[in-house]
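A closer look at the structure
Listed here are the chains, written in short residue letters.
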Amino acid sequence: MIQSVNSVPAFDIKQQYAALAAEVSSAVLEVLSSGRYIGGPAVEDFEQQFAAYHGVSECVACNSGTDALYLALRALDIGTGDEVITTPFSFFATTEVISAVGATPVFVDIDATTFNLDVTQIASAITPKTKAIIPVHLFGLPVDMTALMAIAQSHNLAVIEDCAQATGASWENQKVGSIGHIGCFSFYPTKNLGGCGDGGAITTNDSAIAAKLRIFREHGSKIRYIHEEIGVNSRLDAIQAVILQIKLRYLDIWNKNRQQIATYYYQHLSQIPGIIPPQELLGGEAVWNQYTIRVSSEERNGATSKYRDWVRTQLQDQGISTMLYYPLPLHLQPVYKTLGYQPGQLPISEQASHQVISLPMFPELTQEQQDKVIYALKDCLS
Ligand SMILES: *Cc1c(COP(=O)(O)O)cnc(C)c1O
């Protein structure tokens, strides 16, 4: 595809690599010549650094954010007959793992400005079968963890934070992933801390849970060739671990850039009628993995995505790439027909899926590029 020099991509991971190329390639070459490709000091050092960054005692690295969530559920012994409360407005992996362990996802609608689980609706979804809550810090905006932990504690539920889009975010000065019982992270290349391939990690302050996680990620085995559980093979490669060690040192700078970009977007986009910009809660520090606005117009604000799709096309015609997170909420996914949810049942999520547009957002995005996005939106909404 030929892109004009004036085009604005939705994200640009090549630019981030270019800035670190020398540092990253020499670390990777060192791993290659060491012959230690699985486990070893590279992975252990990364686990220690990631735990320290979060102020937790334990970090267990694994192969992806999806595996992190899966392993967390296994370590908590959640399975057949259990219910897990979560959001319908997330990437499919969040609930795929609940189903994969044999449990049932129970969906609670979202809050319209943060796109996160509406914490006030959790209590009425709790049943005797409920075992855990999975809040997702979607787009890098932290969930109100104070309110959520209070509900979880009063009902004796485990909390697994899905931090895949929120590495570095915090709630009341505590890093997300260190507040619930378990935090799950993804190092997919476009996440705030992204590797050069798949990767994930789990944080916890509970050493018994950490020990179980280590057993499940290694074929259910603590002592080689002695298997206590049916586990999986889910390890972080040494090559990814050294790359992530380097990138972790830049994470706060990149997140600061994202915050500045979000502030600038908000200043300008909140002036445009028909655009609803995202807003983080007081008490949270968001890290803006995505900057997702909603577009609506009085006459075209029905239960379809036509107007949003039209706006996206207008932007694309001007060389501005946008993303669609997410076009269909999880409770209405074909695979979840058997759960019995009906259209209209979780109206805020459904409306969001018709109205959202994720704008270009990455640490290297220039003000000139941002202005282009803002002017283009002004143009087509006025
Ligand atoms: C990316 C993502 C995941 C899955 O992470 P992978 O590393 O791609 O497996 C889970 N939950 C959310 C909210 C995500 O954005």
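Residues numbered from 1 in each chain as written. Predicted model: local features only at pLDDT ≥ 70, side-chain atom pairs only at ≥ 80, totals over all residues. Heavy atoms only, no water.

Looking at the sheet that holds strand β15 (residues 356–359)
Taken in spatial order, the three strands of this open sheet run β12-β14-β15, and their pairing is antiparallel. Across the chains shown, the open sheet's two edge strands, defined by having one partner strand only, are β12 (275–276) and β15. Sitting on the sheet, helix α8 (residues 251–269) touches β12, β14 (291–295) and β15, and the angle it makes with β14 is about 15°. (Pairing = 2+ DSSP bridges. Helix = DSSP H or I, 4+ residues; strand = E, 2+ residues; numbered from the N terminus. Contact = heavy atoms within 4.5 Å. Axes fitted to C-alpha atoms, helices over the stretch in contact; angles between N-to-C directions.)

Brief notes about the pattern of salt bridges
Once the charged atoms of two side chains with opposite charge are near each other, the side chains can pair. For the coordinates displayed, the defined rule picks out six salt bridges. In this structure, E58 and R214 form a salt bridge, with 3.2 Å as the shortest nitrogen-oxygen distance. Placement of the pair is E58 in strand β1 (residues 58–62) and R214 in helix α6 (residues 207–217), with a sequence separation of 156 residues. We classify E58 as buried; its relative accessible area is 16%. The class for R214 is partly exposed, based on a relative accessible area of 30%. (Salt bridge = Lys/Arg side-chain N within 4 Å of Asp/Glu carboxyl O. Buried < 20%, exposed > 50% of the residue type's maximum accessible area, 1.4 Å probe, protein only.)

As for the environment of A158
On the secondary structure map, A158 appears in strand β5 (residues 158–162). In this structure the C-alpha to C-alpha distance between A158 and I133, which are 25 residues apart in sequence, comes to 6.4 Å. When residues no more than four places from it in sequence are discounted, the contact partners of A158 are L76, K131, A132, I133 and H181.

Thoughts on the packing of aromatic side chains
Taken as a whole and judged by the stated rule, the model has 15 aromatic pairs. A network of ring pairs unites the aromatic residues F89, F115, F139, Y325 and Y326 as a single cluster. (Phe/Tyr/Trp six-rings, centres within 6.5 Å; stacked < 30°, edge-to-face > 60°.)

Structural notes on the environment of Q318
Residue position: Q318 is located in the loop between α9 (306–317) and α10 (347–355). Sequence separation of Q318 and N6 is 312 residues, and the distance between their C-alpha atoms is 8.8 Å. Every residue in contact with Q318, bar those within four places of it in the chain, is listed here: K372, A376 and D379.

Notes on the sheet that holds strand β7 (residues 174–175)
Strand order in this open sheet of three strands is β7-β6-β13, and the pairing throughout is antiparallel. In this open sheet, the two edge strands, each paired with only one partner strand, are β7 and β13 (284–285).

Side note on the site of the ligand
In the neighbourhood of the ligand, 14 residues make up the surrounding shell, with G65, T66, Q165, S186 and K191 lying closest. The separation between an oxygen atom of the ligand and a polar main-chain atom of G65 is 2.8 Å. At 2.8 Å from an oxygen atom of the ligand is found a side-chain nitrogen or oxygen belonging to Q165. In isolation the ligand exposes 380 Å². Once the protein is present, 93% of that is buried. Those elements that provide at least two residues to the shell around the ligand are α3 (65–75) and α4 (93–100). Residues belonging to the shell around the ligand are distributed by class as follows: four nonpolar, eight polar and two charged. (Near = heavy atom within 4 Å. Polar contact = N/O pair within 3.5 Å; in protein donor to acceptor, adjacent residues only side chain to side chain. Areas by Shrake-Rupley, 256 points an atom, 1.4 Å probe, with all protein chains shown as cover. Nonpolar A, V, L, I, M, F, W, Y, C, P; charged D, E, K, R; others polar.)

Concerning a nonpolar patch on the surface
Together, L29, L32, Y37 and I38 give the surface a local cluster of nonpolar side chains, amounting to about 390 Å² of exposed area. Considering the arrangement of structural elements, one finds L29 in helix α1 (residues 13–34). By relative accessible area, which is 54% here, L29 ends up exposed. (Patch = residues over 30% accessible without salt bridge, like charges linked within 9 Å, V, L, I, M, F, W, Y side chains within 5 Å.)

Re the pairing of strand β9 (residues 200–204)
Within β9, five of the five residues are buried, which leaves the element mostly enclosed by the surrounding structure. Strand direction decides the pairing type here: β1 and β9, joined by five bridges, are antiparallel. Looking across to β9, one finds that E58 is bridged to T204. Bridge count for strand β8 (residues 182–186) against β9 is four bridges, and the pairing is antiparallel. Of the residues in β9, the one forming a bridge with F185 is A201.

Some points on the domain arrangement of the protein chain
Segmentation of the protein chain into domains returns domain 1 (14–109 + 116–248) and domain 2 (252–381). A separation of 25 Å is found between the C-alpha centroids of domain 1 and domain 2. Carbon and sulfur atoms make up 60% of the area that domain 1 and domain 2 hide from each other, which totals about 2,900 Å². Looking only at domain 1, the three residues that lose the most surface to domain 2 are F89, D109 and F139, adding up to 23% of its buried area. There are zero salt bridges connecting domain 1 and domain 2. Elements that contribute at least two residues to the side of domain 1 that touches domain 2 include exactly α1, α4, β3 (104–107) and β6 (170–171). It is β3 that contributes the most residues to the side of domain 1 that touches domain 2, four residues altogether. Class assignment for the residues of the side of domain 1 that touches domain 2 results in 17 nonpolar, 14 polar and six charged. (Domains from an automatic or database assignment. Buried area = accessible area lost by both parts, 1.4 Å probe.)

Quick look at unusual backbone geometry
Note that the residue after Y325, namely Y326, is joined by a cis bond; omega there is 5°. Positive phi, close to 60°, is recorded for F139, a residue that is not glycine. For F139, the position within the fold is in the loop between β4 (130–134) and α5 (145–154). The phi torsion at H219 lies on the positive side, around 55°, for a residue other than glycine. Mapped onto the elements, H219 comes out in the loop between α6 and β10 (221–223).

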